[in-house]
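# Observations on the model geometry
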Amino acid sequence: MNIDQFVKFVQEQYKTTDFIPLHVPRFQGNEKKYVMETIDSTFVSSVGAYVDKFEQMIAEISRTEQAVAVVNGTAALQVALRLAGVKTGDEVLTQALTFVATANAIAYNHAHPVFLDVDLDTMGLSPKSVEIFLEEYGEIREDGCYNKKSGNRIAACLPMHTFGFPVHLNELVEVCNKWSIPVVEDAAESIGSTYHGKPTGSFGQFGIYSFNGNKIVTAGGGGAIVTDDKQLGDFAKHLTTTAKKPHKYEYVHDELGHNYRMPNLNAALICAQLEQLDSFIQSKRNLAVKYKAFFKEKGIKFRTENPDTKVNYWLMCVELNDRKERNQLLNETNEKGVMTRPIWKLMYKLPMYEHCFRDEQTNAEYLEDRIVNIPSSCNG
Ligand SMILES: *Cc1c(COP(=O)(O)O)cnc(C)c1O
């Protein structure tokens, strides 16, 4: 590809020749108003009306029964896995092609990640690789599914919707149901994306979202756990708010909880952001159409949504022919002030996870060599 043409095209989209980052937040709605309200009211911390409002908005957007606000997406994952029943020594099926938080949340529960391959079309956990693994290793016993070779319980399956592109959820949920394995969706990147018209995050026993500064909508830092099980939702709230029993003045905590509360200050920001989620997604989808046309002309594969899915296009990406081409694009664009970034290094290449079980990883390795993110902020 002619890198100069690409740089020029991106500069035109963002109407600037300054440095263009991968993703920047945009605050053009009620952000200042809501945040100032929390300051004026003194309710900036762990209790406040915006926390409740945020939880309602997330339940509505995800079309789930209950949403619980937490301090970040990683904490949301950690607690969702705990509530799904993940205990010390258990195994959790997930993908190696992900952001490190997915695997870390498993490790925080003293469980073992099992890295299974992704699909080429979704870049997320492949139902086929889960099925093949379970056919070989799975055994259903009285209290759930076990890995008959390692002897460990297979306590959960944790797919991640890469850059907002949903995994093949129907097939994945079906195979997990067959083996009595609860699904927890890492939908950190995919709020607003749908699969057969249903929001990602709402297919598993739990789903989680992240509202970190680089995500499509931000709380500064924040996360949410969603579930259709009201009882589990209440329990998630309890565990993330120090497991305190309601009482007028006594400090009674009935188990080991966490202080994972989202401050009202952050909730105010994200409420204002969520009001604009649809317009952000529309802006990104418009940009994706332009990128698609640009790259088509250049003979480069720009990643677009699968049929039956609607993608939020949080981070957009191209697929190059090999690692050499990938590195060339990365080097030249970053030098010329247009930020690009490779997809993550596979989890088993990191020191903490190199000992973990993994299958062939043909597709994950293929994508690791080829996928590059390009500037994806809203621009219109
Ligand atoms: C951002 C992200 C998280 C974690 O979110 P934080 O809010 O930064 O803790 C988890 N998983 C994936 C895939 C993410 O992209």
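Everything below is about the structure shown above.
Calculation rules
Along each chain, the written sequence defines residue order, and numbers are assigned to residues from 1. Given that this is a predicted model, residues contribute local features only at a pLDDT of at least 70 and side-chain atom pairs are listed and counted only at 80 or more, while totals for whole chains, interfaces and linings are drawn from all residues. As a convention, hydrogens and water are excluded, and side-chain values are obtained from all of the structure's heavy atoms. Each helix corresponds to a stretch of at least 4 residues labelled H or I by DSSP, and each strand to a stretch of at least 2 residues labelled E; elements are numbered beginning at the N terminus. Working definition: with a 1.4 Å probe on protein chains only, accessible area under 20% of the residue-type maximum means buried, over 50% means exposed, and in between means partly exposed. Distance and chemistry together define a polar contact, namely a pair of N or O atoms within 3.5 Å, with one atom able to donate a hydrogen and the other to accept it when in protein, and with adjacent residues in sequence counting only for side-chain atoms on both sides. Residue contacts follow a heavy-atom distance rule, with two residues in contact if any of their heavy atoms lie within 4.5 Å. For two strands to be treated as a pair, DSSP must find no fewer than two bridges joining them. Note on definitions: angles span 0 to 180 degrees between N-to-C directions of axes, and those axes are lines fitted to C-alpha atoms, for helices only across the stretch in contact. Using protein atoms alone on a 1 Å grid, points that fit a 1.4 Å probe yet trap it form a cavity, whereas open point sets bounded by protein on both sides within 12 Å along at least five of seven lines form a pocket; residues with an atom within 4 Å of a point count as lining. Grid points are joined across faces, edges and corners, and a volume is the space filled by probe spheres set on the points. Side-chain classes are defined by residue name, with Ala, Val, Leu, Ile, Met, Phe, Trp, Tyr, Cys and Pro counting as nonpolar, Asp, Glu, Lys and Arg as charged, and the others, Gly among them, as polar. Segmentation into domains, and thus their bounds, comes from an automatic or database assignment. A cutoff of 4 Å decides nearness: a residue is near a molecule or strand if any of its heavy atoms lies inside that distance of it. Note on areas: Shrake-Rupley with a 1.4 Å probe; residue coverage comes only from the protein chains shown. If over half the atoms of a molecule are within 2 Å of the grid points of a cavity or pocket, the molecule is regarded as sitting in it.

### Examining the side chain of Ser202
Mapping Ser202 onto the fold places it in the loop between strand E9 (198-199) and strand E10 (206-210). Exposure remark for Ser202: the relative accessible area of 4% places this residue in the buried category. Within polar-contact distance, the side chain of Ser202 engages the side chain of Lys198 at 3.1 Å. In this structure the side chain of Ser202 is engaged in a polar contact, spanning 2.6 Å, whose partner is the backbone oxygen of Pro199. Residues contacting Ser202, with those up to four places away along its chain left out, are Ser62, Arg63, Thr64, Glu185 and Asp228.

### Quick word on the sheet that holds strand E12 (residues 301-302)
Taken in spatial order, the 4 strands of this open sheet run E12-E14-E16-E15, and their pairing is antiparallel. Two strands bound the open sheet, and with one partner strand each, they are E12 and strand E15 (341-342). Two elements, E12 and strand E14 (residues 316-319), share 2 bridges in a ladder whose sense is antiparallel. Looking at the pairing, Lys301 lines up with Glu319 of E14. Helix H10 (residues 277-298) contacts E12, E14 and strand E16 (371-374) of the sheet and is inclined by roughly 20° relative to E14.

### Overview of empty space enclosed by the protein
With the rule as written, the count across this model stands at 1 cavity of 30 Å³ or more. Estimates place the volume of the largest cavity at around 30 Å³. Asp121, Phe165, Pro166, Thr304, Glu305, Asn306, Thr309 and Val311 are the residues that line the largest cavity. For the lining of the largest cavity, the residue count by class is 3 nonpolar, 3 polar and 2 charged. Of the residues that make up the lining of the largest cavity, three or more belong to each of domain 1 (3-25 + 277-374) and domain 2 (31-274).

### Let's talk about the site of the ligand
If you check the shell around the ligand, you find 14 residues, and the closest are Gly73, Thr74, Glu189, Ser210 and Lys215. The separation between an oxygen atom of the ligand and a polar main-chain atom of Gly73 is 2.7 Å. A distance of 2.7 Å is found between an oxygen atom of the ligand and a side-chain nitrogen or oxygen belonging to Ser210. Protein burial of the ligand: of its 380 Å² of free accessible surface, 93% is covered by the chains. The pocket occupied by the ligand, as judged from atoms lying within 2 Å of grid points, is the largest pocket. Breaking the shell around the ligand down by element, the ones donating at least two residues are helix H4 (73-84) and helix H5 (100-108).

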